[in-house]
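One letter stands for each residue in the lines below.
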Amino acid sequence: MSASNLKAAKPNHLPDDVEPGDSVRPGHPVQVSRYTVAARINHWITALSLILLALSGMALFTPSLFFLTGLFGGGQWTRILHPWIGVVLFFSFAGLFLRFWKANLPAREDGTWLARISDVLRGREERLPEIGKYNAGQKFVFWGMSGLIIVLIASGIAMWDQYFYTFTTIEQKRVAVLVHAVAAVCIICVWIIHVYAAIWVKGTIGAMTRGKVTGGWAWRHHRKWLRELVGTRPGKRPPTPAE
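From a predicted model like this one, the values you see are computed outputs, not experimental measurements.

A. Expanded view of the overall build of the protein chain. A count of helical and extended segments in the protein chain gives 10 helices and 3 strands. Ordered by position in the sequence, the α and β elements of the protein chain form the string β-β-α-α-α-α-α-α-α-α-β-α-α. Out of the 243 residues belonging to the protein chain, those deemed buried represent 39%. Considering only contacts within the protein chain whose residues lie at least 6 apart along the sequence, 67% involve residues at least 24 apart. A total accessible area of about 14100 Å² is found for the protein chain, and carbon and sulfur atoms account for 67% of it.

Here is the structure:
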């Protein structure tokens, strides 16, 4: 995809895979705008909140990790700050959800992608279906995070005695503690998968720091999304992207 045969492209009608701000810019190499500045700030606020919650939560979970409270000014401050950071996470992720939920809706190619997971792990991109802005693995992370954050905020409120003590019984609080702990372990596991995949697929972290990827990266990993951006159909290949 060279600058000589490609003008800056941006579809008039946005398909579900294309979000406001997505565009193709000619150059050497071709640059594809994947995330806006606002989306990247939103993402990193969410990521930082989740890390702080994991550290403070583990500090409160077991005496063997109580030393982590030193990062927050001691045990009392850790207990005060933890739920408020949870509130920040909830509203920050709500912003991400509103931005990205359409592009993360299930698509026909997701089933094929999952059925060929061995090719995914071996990097055999040529054997995979054309993928939109997000593949089935990324969609799993998105919807997994969405559900778990709702569980965490709901169970966290039930445990937040400073403001909500009279709204739940002792038995309900005990259940909330258990549910909160299990959901926390699950979301940490999902977060680890997310980070590992971002490191494993070269160029992914750069997309969330600089907001752009090369045309070659988009063609290799998210070809359907790139086609929608440049307005081509599956039977018509756009000019080969330059890395």
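After that view, the rundown keeps rolling.
B. Layout of the UniProt feature "transmembrane region" (unreviewed entry) in the protein chain. According to UniProt, the feature "transmembrane region" (unreviewed entry) maps to residues 44–68, 80–98, 140–160 and 175–201 in the numbering used here. Along residues 44–68, the helical share is 72% and the strand share 0%, with 22 Å between the first and last C-alpha atoms. Helix and strand shares over residues 80–98 are 100% and 0% respectively, and the end C-alpha atoms of the span are 29 Å apart.

C. Unusual backbone geometry, seen in detail. A cis amide bond, omega 5°, links H28 with the succeeding residue P29. Residue placement: P29 occurs in the loop between β1 (23–25) and β2 (31–33).

D. Just the environment of I188, in detail. In this structure, I188 sits in helix α7 (residues 170–200). In this structure, the C-alpha to C-alpha distance between I188 and I51, residues 137 residues apart in sequence, is 8.9 Å.

E. Molecular detail of the packing of helix α1 (residues 37–61) against α7. As a packed pair, α1 and α7 sit with axes 11 Å apart at the nearest point and diverge in direction by 135°. The pairing of α1 with α7 is recorded here as oblique in orientation. Of the two possible hands of crossing, α1 and α7 adopt the one that is left-handed. Along the contact surface, α1 presents H43, L50, I51, A54 and F61, while α7 presents A181, I187, I188, W191 and H194. For the contact of α1 with α7, a count of residues per class yields 8 nonpolar, 2 polar and no charged.

F. Molecular detail of the state of the cysteines. Per the stated rule, a full pass over the model turns up 0 disulfides. With no disulfide partner, C186 has as its closest neighbouring cysteine sulfur the one in C189, 6.4 Å distant. Owing to a relative accessible area of 34%, C186 belongs among the partly exposed residues under this scheme.

G. Quick peek at the sheet that holds β2. On the basis of which strands lie adjacent, the open sheet formed by 3 strands has the order β1-β2-β3 and antiparallel pairing. The outermost strands of the open sheet, each flanked by one partner alone, are β1 and β3 (212–214). Neighbour-to-neighbour, the strand axes of this sheet turn through a mean angle of 30°, independent of strand direction. As defined by bridge partners, β2 adjoins β3 across 3 bridges and the pair is classed as antiparallel. Looking at the pairing, S33 lines up with K212 of β3.

The rules we used
- Residues numbered from 1 in each chain as written.
- Predicted model: local features only at pLDDT ≥ 70, side-chain atom pairs only at ≥ 80, totals over all residues.
- Heavy atoms only, no water.
- Helix = DSSP H or I, 4+ residues; strand = E, 2+ residues; numbered from the N terminus.
- Buried < 20%, exposed > 50% of the residue type's maximum accessible area, 1.4 Å probe, protein only.
- Contact = heavy atoms within 4.5 Å.
- Areas by Shrake-Rupley, 256 points an atom, 1.4 Å probe, with all protein chains shown as cover.
- UniProt positions renumbered as here; feature names shortened; annotations may be inferred.
- Axes fitted to C-alpha atoms, helices over the stretch in contact; angles between N-to-C directions.
- Parallel < 35°, antiparallel > 145°, perpendicular 65-115°, else oblique.
- Left-handed = near helix turned anticlockwise from the far one by under 90°.
- Nonpolar A, V, L, I, M, F, W, Y, C, P; charged D, E, K, R; others polar.
- Disulfide = S-S within 2.5 Å.
- Pairing = 2+ DSSP bridges.

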